[in-house]
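What follows is each chain in one-letter form.
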Amino acid sequence: MNLDYTERGQWLRAAILGANDGLLSTASLMMGVGAVQKDVKTMILSGVAGLAAGASSMAIGELVSVYSLYDIEMAQMKRKVTTENMGAEELDVEKEKLPNPWHAAGASALSFVVRALVSLLGVI
């Protein structure tokens, strides 16, 4: 059985970056707010706002990034079809190997949310 792990590479990378960013940016935001105002409710509110904004930002960034890569790869495949007379079956096999932008965006947003919740639980 020949497994190709490169397909998972994009969403795994996105998940790791999202997790790191979720923990650091949310904790940093709440510490900054906590340094100015010692109200726990304000810290939690800033953490929730940071969670929502950060998860959205990470997901959109990954979607755009991986979709750009997908678009470039599709254009390259179309050139191969015309120059190398690639068949429809071969093209379908190559398309399946391409990274899915939606998987990368979802992995990034989900991992951001999970790690941001760790920061929020520290305040609660």
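Worth saying up front: this structure is predicted, and the values here are computed from it rather than measured.

About the thresholds
- Residues numbered from 1 in each chain as written.
- Predicted model: local features only at pLDDT ≥ 70, side-chain atom pairs only at ≥ 80, totals over all residues.
- Heavy atoms only, no water.
- pLDDT = per-residue confidence, 0-100.
- Helix = DSSP H or I, 4+ residues; strand = E, 2+ residues; numbered from the N terminus.
- Patch = residues over 30% accessible without salt bridge, like charges linked within 9 Å, V, L, I, M, F, W, Y side chains within 5 Å.
- Areas by Shrake-Rupley, 256 points an atom, 1.4 Å probe, with all protein chains shown as cover.
- Salt bridge = Lys/Arg side-chain N within 4 Å of Asp/Glu carboxyl O.
- Axes fitted to C-alpha atoms, helices over the stretch in contact; angles between N-to-C directions.
- Parallel < 35°, antiparallel > 145°, perpendicular 65-115°, else oblique.
- Left-handed = near helix turned anticlockwise from the far one by under 90°.
- Contact = heavy atoms within 4.5 Å.
- Nonpolar A, V, L, I, M, F, W, Y, C, P; charged D, E, K, R; others polar.
- Core = buried A, V, L, I, M, F, W, Y, C linked by side-chain atoms within 4.5 Å.
- Buried < 20%, exposed > 50% of the residue type's maximum accessible area, 1.4 Å probe, protein only.
- Expected span 1.5 Å × (residues − 1).
- Polar contact = N/O pair within 3.5 Å; in protein donor to acceptor, adjacent residues only side chain to side chain.

Asks: Can you walk me through the confidence of the model for the protein chain in this structure?
Replies: In this model, the protein chain carries a mean pLDDT of 86, and residues with pLDDT of at least 70 account for 93%. Within the protein chain, helix H3 (residues 88–96) has the poorest average pLDDT of any element, 79, and helix H4 (residues 101–123) the best, 92.

Asks: Any chance you could explain a nonpolar patch on the surface here in plain terms?
Replies: Taken together, the side chains of Trp11, Leu12 and Ile16 make up a nonpolar region of the molecular surface, amounting to roughly 280 Å² of accessible area. As for its position among the elements, Trp11 is in helix H1 (residues 6–36).

Asks: Looking at this model, I keep getting lost on the packing of helix H2 (residues 40–84) against H3. Mind explaining?
Replies: The description of two helices packed together rests on the angle between their axes and the distance between the axes. In contact at an axis separation of 11 Å, H2 and H3 are set at 165° when each is read in the N-to-C sense. In this view, H2 runs roughly antiparallel relative to H3, as classed from their interaxial angle. Classified by chirality, the crossing of H3 by H2 is right-handed. Between H2 and H3, the contacting residues are Met74, Met77 and Val81 on the first element and Leu91, Glu94 and Lys95 on the second. Taken together, the residues that form the contact of H2 with H3 break down as four nonpolar, no polar and two charged.

Asks: Would you mind showing me how to read the environment of Glu84 here?
Replies: Mapped onto the elements, Glu84 comes out in helix H2. In this structure the C-alpha to C-alpha distance between Glu84 and Leu17, which are 67 residues apart in sequence, comes to 38 Å.

Asks: Please explain the nonpolar core as it appears in this structure.
Replies: Generally speaking, soluble globular proteins have nonpolar side chains that are buried together. In this structure, Met30, Met43, Leu51, Ala55, Met58, Phe112, Ala116 and Leu120 together form the largest nonpolar core, which totals eight residues. Of all the secondary-structure elements, those providing two or more residues to this core are H2 and H4. Among the elements that line this core, the one with the most residues is H2, at four residues. Setting aside chain neighbours within four positions, we find Phe112 in contact with Gly18, Ala19, Asp21, Gly22, Ser25, Thr26, Gly50, Leu51, Gly54, Ala55 and Met58.

Asks: Would you take a moment to explain the environment of Val118 for this structure?
Replies: As for its placement among the helices and strands, Val118 is situated in helix H4. The sequence separation of Val118 and Tyr67 amounts to 51 residues, and the corresponding C-alpha distance is 30 Å.

Asks: Please clarify how H4 should be interpreted in this entry.
Replies: Because each turn of an α-helix spans 3.6 residues, side chains separated by three or four positions end up pointing in the same direction. With 23 residues, H4 extends 34 Å between its outermost C-alpha atoms, agreeing within 8% with the 33 Å of an ideal straight helix rising 1.5 Å per residue. Here H4 has its buried residues at Pro101, Ala104, Ala105, Ala107, Ser108, Ala109, Ser111, Phe112, Ala116, Ser119 and Leu120. Where H4 begins, the side chain of Asn100 points an oxygen toward the backbone nitrogen of Trp102, at a separation of 2.8 Å.

Asks: Looking at this structure, how should I read the side chain of Thr26?
Replies: Tracing the chain through its elements places Thr26 in helix H1. The class of Thr26 is buried, set by a relative accessible area of 1%. Each residue touching Thr26, except ones within four places of it in the same chain, is listed here: Asp21, Gly47, Phe112, Ala116 and Ser119.

Asks: Sorry if this is basic, but what is going on with the packing of H2 against H4 here?
Replies: Their axes nearest at 8 Å, the elements H2 and H4 cross at an angle of 165°. Classed by the angle they form, the pair H2 and H4 counts as roughly antiparallel. Crossing geometry of H2 relative to H4 is assigned as right-handed. For the contact of H2 with H4, the per-class residue count stands at 23 nonpolar, four polar and one charged.

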